[in-house]
Amino acid sequence: MRSVFYALAVGLLGAAILHIVIILMLPRFTARDAFTRVSALDDVHSFVSLPATPAGPNGLANDNPYLRTAVCTFGISAQPARFQAVGDVPFWSIAVYDAASNEVFSMNDKTAVGGNLDLVVATPAQMLALRRAARPELEKSIQVEMPKTVGYAVLRTLSPMPSLEEAARNFLAEATCDTLRPAS
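Rules and cut-offs
- Residues numbered from 1 in each chain as written.
- Predicted model: local features only at pLDDT ≥ 70, side-chain atom pairs only at ≥ 80, totals over all residues.
- Heavy atoms only, no water.
- Helix = DSSP H or I, 4+ residues; strand = E, 2+ residues; numbered from the N terminus.
- Buried < 20%, exposed > 50% of the residue type's maximum accessible area, 1.4 Å probe, protein only.
- Salt bridge = Lys/Arg side-chain N within 4 Å of Asp/Glu carboxyl O.

*Asks:* Would you mind going over unusual backbone geometry with me for this structure?
*Replies:* Most of the time, phi is negative for any residue but glycine, and the peptide bond is trans. One non-glycine residue, Ser101, lies in the positive phi region at around 65°. Considering the arrangement of structural elements, one finds Ser101 in the loop between β4 (92–98) and β5 (103–108). Judged by its relative accessible area of 29%, Ser101 falls in the partly exposed class. Here Ala134, not a glycine, exhibits a phi torsion of approximately 50°, which is positive. Classification of Ala134 by relative accessible area gives exposed; the value is 57%.

Now the structure itself:
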């Protein structure tokens, strides 16, 4: 019976130490989440191409030799966000995440109208207003509701051969991540 109490006491002491270590290490891990790392790259509402090797304290990199990647943080509390890109690349994809890194929406060139990126992300109230306004410039836009007001997008394009490298870089450089202009 005495050994059971001893094992129980050692187990409880070990659990207490483990919990204290986890609580003390939590701030170190929270600064490494994807949203924090992406938002440290640049201003809100602009795509930033990732370097081939990790640079800076965020450690983000484009580690696939055949993909080129750009990221953009955005906020939709005042206006919806609009993502657009046009280019002659063999493949592109975009994924939209909220600040907790939950994927909200993803698509690629095969599911886009005409193969071009034209995506609007809005809160449910903003989406209702957009649908009521029936803006002609948004007829071919994919419209997505996002309950949270802050997030980030990851845009990727394929560059399987050196001859396609320039087109891939131009596609990402000319891609826009901006607030949707109010109807005129």
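*Asks:* Help me understand the pattern of salt bridges in this model?
*Replies:* Any two side chains of opposite charge can pair, on the condition that their charged atoms come close. Following the criterion strictly, the structure yields 7 salt bridges and no others. Notably, a salt bridge pairs Arg169 with Glu165, separated by 2.7 Å at the nearest N-O pair. Of the two residues, Arg169 and Glu165 both sit in helix α4 (residues 165–174), 4 residues apart, roughly one turn of that helix. What you see here is one network of salt bridges that share partners, running through Arg68, Glu165 and Arg169.

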